[in-house]
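Chain by chain, the residues run as shown.
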Amino acid sequence: MNHPPLIGDRFGRRFPYLRLSVTDVCNFRCSYCLPDGYQKAHNDEFITVAETGRLVKAFAGLGTWKIRLTGGEPTVRPDFVSLAETVSSTPGIRRVAFTTNGYKLPERARSYYASGLRAINISIDSLDPRRFHEITGHNRLFEVVEGVNAALNVGFESVKINTVLLKGLNDDELDGFLAFVESRPVSLRFIELMQTGDNLSYFRKHHIPAAVIRSKLAERGWALQERAEGAGPAVEYAHPAYAGRIGLIAPYAKDFCNSCNRLRVSSRGALHLCLFGSGGYDLRPLLQADDQIEELKDKILSLMQFKRSSHFLHEGDTGVRRHLASIGG
Ligand code: SAM
Ligand code: SF4
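Quick caveat: nothing in here was measured; it's all calculated off a predicted structure.

Caption draft 1: Main features of the UniProt feature "binding site: [4Fe-4S] cluster 1" (unreviewed entry) in the chain. Mapped onto this structure's residue numbering, the UniProt feature "binding site: [4Fe-4S] cluster 1" (unreviewed entry) falls at Cys 26, Cys 30 and Cys 33. For Cys 26, the residues in contact, after removing those within four places along its chain, are Leu 34, Tyr 38, Gly 72, Glu 73 and Asn 101. Locating Cys 30 in the fold gives a position in the loop between strand 1 (17–21) and helix 1 (49–61). Residue classification places Cys 30 among the buried residues on the basis of a relative accessible area of 16%. Sequence-distant contacts of Cys 30, defined by excluding residues within four places in its chain, comprise Pro 35, Ile 135 and Thr 136.

Caption draft 2: How the structure looks around the environment of Gly 232. Mapped onto the elements of the fold, Gly 232 is located in the loop between strand 7 (223–224) and strand 8 (235–238). A C-alpha to C-alpha distance of 22 Å links Gly 232 and Phe 177, two positions 55 residues apart in sequence. Other than its neighbours up to four places away in sequence, Gly 232 contacts Arg 227, Ser 259, Asn 261 and Arg 262.

Caption draft 3: Structural view of the UniProt feature "binding site: GTP" (unreviewed entry) in the chain. In the numbering used here, UniProt assigns the feature "binding site: GTP" (unreviewed entry) to Arg 19, Arg 68, Thr 99, Lys 160, Arg 262, Leu 263 and Arg 264. One can find Arg 19 in strand 1. Here Arg 19 falls in the buried class, since its relative accessible area comes to 10%. Note on placement: Arg 262 falls in strand 10 (residues 262–265). Those residues in contact with Arg 262 that sit more than four places away from it in its chain are Phe 15, Tyr 17, Arg 19, Gly 232, Pro 233 and Lys 307. Polar contacts involving the side chain of Arg 262 include one to the side chain of Asn 261, which spans 3.0 Å.

Caption draft 4: Looking closely at the packing of helix 3 (residues 105–114) against helix 5 (residues 141–154). Where helix 3 meets helix 5, the axes come as close as 8 Å, and the angle between the chain directions of the two elements is 30°. With respect to each other, helix 3 and helix 5 are oriented roughly parallel. Of the two possible hands of crossing, helix 3 and helix 5 adopt the one that is right-handed. Residue-level inspection shows Leu 105, Pro 106, Ala 109, Arg 110 and Tyr 113 of helix 3 in contact with helix 5, the latter providing Glu 143, Glu 146, Gly 147, Val 148, Ala 150, Ala 151 and Val 154. Here the residues of the contact of helix 3 with helix 5 sort into 8 nonpolar, 1 polar and 3 charged.

Caption draft 5: Spotlight on the sheet that holds strand 2 (residues 66–70). Taken together, the 12 strands give an open sheet; going across it, the order is 7-8-9-6-5-4-3-2-1-10-11-12, and neighbouring strands pair in mixed fashion. Both edges of this open sheet fall to strand 7 and strand 12 (281–282), since each of them pairs with a single strand only. Where strand 5 (residues 158–165) and strand 6 (residues 187–192) come together, 6 bridges link them in parallel fashion. For Thr 163, the partnering residue across the bridge sits in strand 6 and is Phe 190.

Cut-offs and rules
- Residues numbered from 1 in each chain as written.
- Chains lettered and ligands numbered in written order.
- Predicted model: local features only at pLDDT ≥ 70, side-chain atom pairs only at ≥ 80, totals over all residues.
- Heavy atoms only, no water.
- UniProt positions renumbered as here; feature names shortened; annotations may be inferred.
- Contact = heavy atoms within 4.5 Å.
- Helix = DSSP H or I, 4+ residues; strand = E, 2+ residues; numbered from the N terminus.
- Buried < 20%, exposed > 50% of the residue type's maximum accessible area, 1.4 Å probe, protein only.
- Polar contact = N/O pair within 3.5 Å; in protein donor to acceptor, adjacent residues only side chain to side chain.
- Axes fitted to C-alpha atoms, helices over the stretch in contact; angles between N-to-C directions.
- Parallel < 35°, antiparallel > 145°, perpendicular 65-115°, else oblique.
- Left-handed = near helix turned anticlockwise from the far one by under 90°.
- Nonpolar A, V, L, I, M, F, W, Y, C, P; charged D, E, K, R; others polar.
- Pairing = 2+ DSSP bridges.

In structure tokens form, the structure reads like this:
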């Protein structure tokens with residue numbers, strides 16, 4: 001099959017990858033994200049399955065081939081499986097991934113796989129049950145780890161663990177995390193804590209650069225892997241004695257945005273050109289009928305001129321993002 005030319009921006013970057021938030025709602029209360037839990041702010045309906053189908057068809061027509069479903073917690077949607085089926089059955093979409101906190105994953109992994117999902121990112125910020133509870137508000141570490149095992153067993157092609165690196169909360173757990181990937185073929189990525197509108201004092205207290213892990217990995221014999229073409233922002237390390245890999249995602253690192261390959265759509269159908277860009281561009285009026293797809297594609301293409309070269313986080317610009325649950329990390 002011939003693929004349409006890839007959507008690009010003024011800086012020569014290409015965007016094969018769309019992150020689609022399907023809900024703002026979350027059932028966890030991660031201390032850096034939604035410390036007080038999800039608070040309903042408005043009555044808008046989240047993007048429907050039919051709207052999602054049209055959106056993804058338009059992006060596929062612009063060369064997008066990878067979609068990630070995220071949130072909030074995407075799996076709290078009762079129709080999550082049918083959303084995933086709609087996305088994965090769209091012609092041109094070759095990879096459908098999702099990011100989850102692992103809630104009920106042991107019993108649900110099989111149905112997720114059956115819906116066409118092939119890549120899963122599971123968040124685990126601590127392997128100490130007490131700390132996990134403290135960070136997420138839920139005493140569910142055992143269930144989430146069982147969920148990782150279930151995801152591997154049912155055949156997910158890519159299983160990744162997201163670990164937000166938190167000074168004083170989990171930065172002494174490197175060896176435990178390494179042991180976790182010793183026999184599991186998963187990629188565990190340390191994500192540097194990002195400042196949002198809501199977490200400034202938390203950020204000041206717990207932010208630690210991902211670079212601190214780098215020397216510790218080198219001391220333990222982990223080697224930096226060459227970056228694959230079109231790879232995302234993680235730099236990856238491997239070790240011959242380990243089945244899994246370790247990744248570092250350092251959004252404050254110089255040139256981080258040069259490898260940006262993704263666009264985002266919020267759970268209310270707004271296109272966000274950057275995780276931290278202010279505001280979004282409402283696509284919803286163009287998601288209402290099948291005959292709007294060409295107009296929708298034109299609109300997306302015309303908005304690409306507004307994509308900036310960088311997130312400007314170094315300058316303390318958090319955009320309007322109060323927390324990442326509103327758009328997906
Ligand atoms: N609820 C799902 C989960 O937690 O995996 C998906 C949405 S969550 C917003 C996506 C990822 O963003 C998670 O791995 C989470 O740990 C990460 N995240 C949330 N807030 C963050 C922040 N301020 N800095 C860095 N990562 C963050
Ligand atoms: Fe929920 Fe994910 Fe935010 Fe945690 S990081 S509160 S699981 S959206």
